Amino acid sequence: MSDYTDIAARFTKDTAGHRMTVLHDDDGVYRHLLFHGPQHSFYWFELITTPGQLVFSGDGDSYVFRRTTDMFEFFRSGIYRDGSLNINPGYWSEKLTSSRDAATSYSEKLFEAEVTETLTAVEDDYPGIAAAWAEHVASEFNTEYEGEALRALSEFRFGEAYLAKCSACAWDFEADAYTVAAAEARNHRKEAGDKHTAPVRDLTFTFSDMGEMRLQDFDWWFLWACQAIVWGVARYDRVRSYGLQNLAARKQVAA
């Protein structure tokens, strides 16, 4: 499982001083819990459960999960025996019945990792390509944004070269312009005969497999929501274990 310590640390900071208010709890699976700071301020959130469903809502996108009758039981898998909280966004996102697209967003970090991996693999065939890419991006692209990142990929060309290679003999010819290579291929056919066709291949490096690049990662707010859910369930369980559920009803209980 991936390490999500950064989002856990952010969540802890964002929710310092949060309290839980139980708006509804029928001792079954109908619950409505509100978590907020002293002034409700930022980063408030609520958890609502009905049979087979949990709804998370707050300062950002809302998410609806469906898996088991009691979804608190489902998310208790993220509460370990030592009290630590652990999230599993990959598996949990599969249980979303709200838009799964809202769980992910473009990641510049992933983009840079994908590009670095690709360029490293072809560096021997295209010496200097990494430096050329860096210069290309610095010239006019802000890859913090997905549209700009994709435009940078589509417009990058390196090592302009075209190879005409005869299909009937060992003749070949390489040039840095398509028109030159194509002209030589026609001349070769005239001299060697009609069977000696020489198709021209573009040897220029381009990011031709852009569609296979992984550029989407879990959105920080979805990770925050996952952290909020297990944290909220743990606080709810703690209140119930202390027998404070009646006190918590429509009252703020320190988390």
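The structure presented is a predicted model; accordingly, all values stated were derived computationally and were not measured.

Cut-offs used in this document
Residues numbered from 1 in each chain as written. Predicted model: local features only at pLDDT ≥ 70, side-chain atom pairs only at ≥ 80, totals over all residues. Heavy atoms only, no water. pLDDT = per-residue confidence, 0-100. Helix = DSSP H or I, 4+ residues; strand = E, 2+ residues; numbered from the N terminus. Phe/Tyr/Trp six-rings, centres within 6.5 Å; stacked < 30°, edge-to-face > 60°. Buried < 20%, exposed > 50% of the residue type's maximum accessible area, 1.4 Å probe, protein only. Disulfide = S-S within 2.5 Å. Expected span 1.5 Å × (residues − 1). Arc of directions from axis to C-beta. Contact = heavy atoms within 4.5 Å.

## Structural notes on the confidence of the model for the protein chain
Considering every residue of the protein chain, the mean pLDDT works out to 91; 93% of them sit at 70 or more. By mean pLDDT, the top-scoring element of the protein chain is strand S5 (residues 63-65) (98), and the lowest-scoring one is strand S11 (residues 252-254) (51).

## Thoughts on the packing of aromatic side chains
Under the counting rule described, the total for this entry stands at 31 aromatic pairs. The interplanar angle of 75° and the centroid separation of 5.1 Å between the aromatic rings of Tyr63 and Phe222 together place this pair among those described as edge-to-face. Pair noted here: Tyr63 is in strand S5 and Phe222 is in helix H8 (residues 220-241), with a separation of 159 residues, a long-range link. The two residues Tyr63 and Phe222 agree in class, both being buried. Judged by centre distance (5.2 Å) and plane angle (90°), the rings of Trp133 and Phe156 are edge-to-face. Placement of Trp133 in helix H5 (residues 129-140) and of Phe156 in the loop between helix H6 (146-155) and strand S7 (162-165) is noted, with a sequence separation of 23 residues between them.

## As for the state of the cysteines
Per the stated rule, a full pass over the model turns up 0 disulfides. Among the cysteines around Cys166, which has no disulfide bond, Cys169 carries the closest sulfur, lying 3.5 Å off. What makes Cys166 buried here is its relative accessible area of 5%.

## A few points about helix H7 (residues 178-192)
In this model, H7 (15 residues) spans 21 Å end to end at C-alpha, consistent with the 21 Å of a helix rising 1.5 Å per residue. Taken residue by residue, H7 has Ala181, Ala182, Ala185 and His188 as its buried positions. Along the axis of H7, the buried residues cluster in a sector spanning 120°; they form a single face. Summarising the geometry of H7, the exposed residues directed more than 90 degrees from the buried face are Thr179, Arg186, Lys190 and Glu191. Residues of H7 that are buried make contact with S7, strand S8 (172-175) and strand S9 (200-202). Phi for Gly193, located one or two positions after H7, is positive at around 115°.

## Re the environment of Phe207
For Phe207, the location among the structural elements is in the loop between S9 and strand S10 (216-218). The sequence separation of Phe207 and Thr118 amounts to 89 residues, and the corresponding C-alpha distance is 8.6 Å. Look past the residues within four positions of Phe207 in its chain and what remains in contact with it is Val115, Thr118, Leu119, Trp133, Leu153, Phe156 and Met213.

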